[in-house]
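# Remarks on the overall topology
Below, each chain spelled out in residue letters.
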Amino acid sequence: MDFTGKVAIVTGAGSGIGKAIAIDLASRGCDVAVCGRRLEPVQETAADIAAAGRKSMAASVDVSSGESVAAFVADVMKAFGRIDILVNNAGVTRDNLLIRMSEEEWDDVLSTNLKGAFLLSKAVARPMMKQRSGAIVNISSIVALTGNPGQCNYSASKAGLLAMTKSLAKELASRNIRVNAVAPGFVVSRMTDALPEDLRQTMLSQIPAGRFGEPSDIAKAVAFLAGDDASYITGQVLSVNGGMVM
């Protein structure tokens, strides 16, 4: 998949899955603008992209703020002149049982994970419509399909993202803009590395593939959905979970 001449935005790109997606797209020839709440981590990602020979820019963006998102997208258009790919990866967790969950814990998660994707998608839709091409990939989660105790807010945000994906795909298809989602399962992270070994083994026993996913597994799925090989795929959810949910 050759992305030479294309420009991507990846949110939540300071570490983990977001960083892997940004670097993978750059390795395929894409120029990539990255953002996150904290500037330093996304600056490191941008430096890695530049070291790979691609153009990049990094910004601190509050994806739950329409003003912050609009300013960022305007800066990307000014720097690169176009936007071909948007990857809505920014996300937070505020885990708690529903009876103990505060309104703030609910609002924080929904504002970042779902409203953030809405604001970014809305901001890039206009330039994509003008150029009559584009691809949006939303990063959901396995819990959107299964639910998870203690994550009513997170599960709701990720399930809402799937519904938004399908609705937006129908709205934008006539302008040659595709909208799809990836739903990762358990992926190697600082969180999984810190789990007690017995809990890790319990989690692994639920995965037919016998291993946790790697950030690169998600990045490759995103690259496929963002690329020309998926030109007839829109409104779909690609589950990348080692067979845990079928």
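So, here's what we can say about the structure. (Residues numbered from 1 in each chain as written. Predicted model: local features only at pLDDT ≥ 70, side-chain atom pairs only at ≥ 80, totals over all residues. Heavy atoms only, no water.)

## Looking at the packing of helix H3 (residues 66–80) against helix H4 (residues 103–131)
The geometry of H3 relative to H4 is characterised by a closest axis approach of 9 Å and an angle of 35 degrees between their N-to-C directions. Remark: the crossing between H3 and H4 carries right-handed chirality. Here Gly66, Val69, Val73 and Met77 of H3 come into contact with H4, specifically with Leu119, Leu120, Ala123, Val124 and Pro127. Tallied by class, the residues present in the contact of H3 with H4 amount to eight nonpolar, one polar and no charged. (Axes fitted to C-alpha atoms, helices over the stretch in contact; angles between N-to-C directions. Helix = DSSP H or I, 4+ residues; strand = E, 2+ residues; numbered from the N terminus. Left-handed = near helix turned anticlockwise from the far one by under 90°. Contact = heavy atoms within 4.5 Å. Nonpolar A, V, L, I, M, F, W, Y, C, P; charged D, E, K, R; others polar.)

## A few points about the side chain of Ser64
Here Ser64 lies in the loop between strand S3 (56–60) and H3. On the basis of relative accessibility, which here comes to 18%, the residue Ser64 falls in the buried class. Among the polar contacts made by the side chain of Ser64, one reaches the side chain of Asp62 at a distance of 2.6 Å. With near-sequence residues (within four places) excluded, Ser64 lies in contact with Ser111, Thr112, Lys115 and Leu119. (Buried < 20%, exposed > 50% of the residue type's maximum accessible area, 1.4 Å probe, protein only. Polar contact = N/O pair within 3.5 Å; in protein donor to acceptor, adjacent residues only side chain to side chain.)

## Quick look at the pairing of strand S1 (residues 7–11)
Counting buried positions over the five residues of S1 gives five, a clear majority of the element. Judged by which residues are buried, S1 turns out to be covered on both faces: Val7, Ile9 and Thr11 on one side and Ala8 and Val10 on the other are all buried. Summarising the sheet, S1 and strand S2 (residues 31–36) pair through five bridges and their orientation is parallel. Each residue of the ladder has a partner; that of Val10, found in S2, is Val34. For the segment spanning S1, helix H1 (residues 16–27) and S2, crossover handedness is right-handed. The pairing of S1 with strand S4 (residues 85–88) spans three bridges and is parallel. (Pairing = 2+ DSSP bridges. Right-handed = clockwise from strand over helix to strand, strands pointing away.)

## Here's the deal with the sheet that holds S1
Within the open sheet, the seven strands sit side by side as S3-S2-S1-S4-S5-S6-S7. Their pairing is parallel. Each end of this open sheet is capped by a strand with a single partner; those strands are S3 and strand S7 (237–240). In this sheet, neighbouring strand axes are inclined to one another by 15 degrees on average, regardless of whether the strands run parallel or antiparallel. Against the sheet, H1 makes contact with S1, S2, S4, strand S5 (134–139) and strand S6 (177–184), and its axis sits at roughly 170 degrees relative to S1, the strand it touches most. Those strands touched by helix H2 (residues 39–51) are S2 and S3, and its axis lies near 175 degrees from that of S3.

## So, unusual backbone geometry
Its identity is not glycine, yet Arg132 carries a phi of approximately 55 degrees, on the positive side. Its identity is not glycine, yet Asn176 carries a phi of approximately 65 degrees, on the positive side. Summarising the element assignment, Asn176 is placed in the loop between helix H6 (152–172) and S6. For Asn176, a relative accessible area of 47% gives the class partly exposed.

## Looking at the pattern of salt bridges
Taken as a whole and assessed by the stated rule, the structure comprises eight salt bridges. Where Arg28 meets Asp24, a salt bridge forms, and the shortest distance between an N and an O atom there is 2.7 Å. The class of Asp24 is buried, set by a relative accessible area of 13%. We note a salt bridge from Arg82 to Asp84, for which the minimum N-O separation is 2.7 Å. (Salt bridge = Lys/Arg side-chain N within 4 Å of Asp/Glu carboxyl O.)

## Observations concerning H6
An ideal rise of 1.5 Å per residue puts 30 Å on 21 residues; H6 measures up with 30 Å between its terminal C-alpha atoms. The complete set of buried residues in H6 reads Asn153, Tyr154, Ser155, Ser157, Lys158, Leu161, Leu162, Met164, Thr165, Leu168, Ala169 and Leu172. Where H6 is buried, its residues contact H4, S5, helix H5 (143–146), S6 and S7. (Expected span 1.5 Å × (residues − 1).)

## Side note on the layout of surface pockets
Of the pockets and cavities examined, the largest pocket occupies roughly 1,600 Å³. Forming the walls of the largest pocket are 47 residues, and the residues nearest its centre are Ile17, Gly91, Thr93, Tyr154 and Ser189. Those elements that place two or more of their residues in the lining of the largest pocket are H1, S2, H2, H5, H6, helix H7 (190–193) and helix H8 (197–205). A per-element tally of the lining of the largest pocket places H1 first, with three residues. Residue classes in the lining of the largest pocket are distributed as 23 nonpolar, 19 polar and five charged. (1 Å grid on protein atoms, 1.4 Å probe; cavity = no way out; pocket = protein on both sides within 12 Å on 5 of 7 lines; lining within 4 Å. Points joined across faces, edges and corners; volume = space filled by probe spheres on them.)

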